[in-house]
Amino acid sequence: MRIIPVAKPLLGVEEAQAAYDAVLSGWVTQGPRVGAFEEAFARYVGTRYAVAVSSCTTALHLSLIVSGIGPGDEVICPSMSYIATANSIRYVGATPVFAEIDPHTYNLDIVDTESRITSRTKAILLVHQVGVPADIDQFSELAKRHGLMLIEDAACAIGSIYKQKLIGSNSDLVCFSFHPRKIVTTGDGGMITSNRQDYVERLKLLRQHGMSVNDRTRHEARSIIFEDHLELGYNYRMTDIQAAVGIKQLERLPEIIEERRAIAKFYSDSLRDLPFIHTLRDPDQGRWNVQSYVIRLLEGSPLSRDDLMRRLLKDGISSRRGIMTAHRETAYRNYMPGISLPISEAASDSSLVIPLYVPMAREDQEFVISRVRYHLGA
Ligand SMILES: *Cc1c(COP(=O)(O)O)cnc(C)c1O
């Protein structure tokens, strides 16, 4: 039996050809194609700079370093996110402090966030969960009022819009992912957007071992150059093979988002009459890229989330649990035991992601909806 997957990247001959060309060019690590991808990305989101790295996780790690965050500091973030959000805070020796989410948007709750600010708090790590744009202005105002840094985890939010501006152009450290589960992919990969030259110079240093001269400059130099390593750096580079694919993916992005939104509209219209279902939608001041289509089963649902997932799989439809909570994973239960976040836990335990990808046959979209409705007794 054929299984309808929950997600599938849209990769074609153009991406394969671009990777092929990069390989045959002889330049395979960070080089001219990474530079071209950064320029195209910055132009797309409307920001001065973009810095390519190996993943969104490493983008977050470097953003925390340039924000000056380290041991003894606290950073507020949601637990209900992919675990990499919280992990990046631990990498710099700081402590993640989990705040509750707003169950309507799955994004950080501003009141709960403010209640968790202490004298040790240094930053807020704001996630745009499954691409739904969070209220950046509110959080930026809160951060300013308390003298905190604001870093955006926009892993899922490429192409989402907040108040007429693309995510990436609203603050100075915004981190994106190109993992295949996101909207566009380079296999693995990440990007940081910023308007601040000082941040960008340091990010570029840190991603390449802290080296004062990059490979490309050395390669193109007409005199001998000796590099120095200015501080403790990392190898967080993106390769030119990945960047070549990314350039092609970026060209497809507007089309992919329109199609994802059209499928989401069909799903939401088809489920609207079921009073025990919550689905995500565009927030008042933004436009959602529909990175994942999440259904939450509320009180009155005739089936549990797990039973619905089991029955869908028997029909040949794969699904995934909704967004996880970091504090209940073993790596956190041992490290910071005893945390309770009832709103996040309930939202996580009662939600699932159903298949949505581009291109997705109309019959498959209809089949998914008809089986969800059938199992829920509609
Ligand atoms: C996927 C994801 C990440 C990690 O991205 P990688 O590129 O896989 O490192 C971080 N934060 C959130 C919210 C994510 O969804």
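The coordinates are above.
Across its full length, the chain holds 13 helices and 14 strands. Against the 2.2 N^0.38 benchmark of 21 Å for 378 residues, the chain shows a C-alpha radius of gyration of 21 Å, consistent with a compact globule. Once the C-alpha set of the chain is aligned to its principal axes, its extents read approximately 75 × 55 × 40 Å. The buried share of the chain, taken over its 378 residues, is 55%. Just so you have it, the chain exposes about 16400 Å², and 52% of that area is on carbon and sulfur atoms. Considering the chain, the positive charge centre built from 43 side chains and the negative charge centre built from 45 side chains are found 2 Å apart.

Further remarks concern the site of the ligand. Lining the immediate surroundings of the ligand are 15 residues, of which Cys 56, Thr 57, Asp 153, Ser 177 and Lys 182 lie closest. Interatomic distance of 2.5 Å between a side-chain N/O atom of Thr 57 and an oxygen atom of the ligand. Asp 153 has a polar side-chain atom sitting 2.8 Å from a nitrogen atom of the ligand. Look at the ligand: alone it shows 380 Å² of surface, and the protein chains cover 91% of it. Of all the secondary structure elements, the ones that give two or more residues to the shell around the ligand are α3 (56-66) and α4 (84-91). Its residues placed into classes, the shell around the ligand shows six nonpolar, seven polar and two charged.

Inspection of the entire model under this criterion finds 23 salt bridges. In this structure, Glu 114 and Arg 145 form a salt bridge, with 3.0 Å as the shortest nitrogen-oxygen distance. Taken together, the residues span a long stretch of sequence, with Glu 114 in helix α5 (residues 110-115) and Arg 145 in helix α6 (residues 136-145) at a distance of 31 residues. Given the relative accessible area of 48%, Arg 145 is considered partly exposed. Between Asp 198 and Arg 196 there is a salt bridge, and its shortest N-O distance comes to 2.6 Å. Judged by its relative accessible area of 34%, Arg 196 is partly exposed. Shared partners join several salt bridges into a network, and the residues in it are Glu 14, Glu 15 and Arg 252.

Our next topic: the sheet that holds strand β10 (residues 277-279). Sheets are built from strands that pair by backbone hydrogen bonding, the pairs being arranged parallel or antiparallel. Across the sheet, which stays open at both edges, the four strands sit in the order β10-β12-β14-β13 with antiparallel pairing between neighbours. Strands with a single pairing partner mark the edges of an open sheet, and in this sheet they are β10 and β13 (320-321). As paired elements, β10 and strand β12 (residues 293-297) share three bridges and run antiparallel to each other. The residue of β12 that forms the bridge with Thr 279 is Ile 295. The sheet contacts of helix α10 (residues 305-314) involve β12, β13 and β14 (351-354), and relative to β14 the element is tilted by about 25°.

Cut-offs applied
- Residues numbered from 1 in each chain as written.
- Predicted model: local features only at pLDDT ≥ 70, side-chain atom pairs only at ≥ 80, totals over all residues.
- Heavy atoms only, no water.
- Helix = DSSP H or I, 4+ residues; strand = E, 2+ residues; numbered from the N terminus.
- Rg over C-alpha atoms; globule rule 2.2 N^0.38 Å.
- Buried < 20%, exposed > 50% of the residue type's maximum accessible area, 1.4 Å probe, protein only.
- Areas by Shrake-Rupley, 256 points an atom, 1.4 Å probe, with all protein chains shown as cover.
- Lys, Arg positive; Asp, Glu negative; His and termini not counted.
- Charge placed at Lys NZ, Arg CZ, Asp CG, Glu CD.
- Near = heavy atom within 4 Å.
- Polar contact = N/O pair within 3.5 Å; in protein donor to acceptor, adjacent residues only side chain to side chain.
- Nonpolar A, V, L, I, M, F, W, Y, C, P; charged D, E, K, R; others polar.
- Salt bridge = Lys/Arg side-chain N within 4 Å of Asp/Glu carboxyl O.
- Pairing = 2+ DSSP bridges.
- Contact = heavy atoms within 4.5 Å.
- Axes fitted to C-alpha atoms, helices over the stretch in contact; angles between N-to-C directions.

On their own, these measurements won't tell you what the molecule is for.
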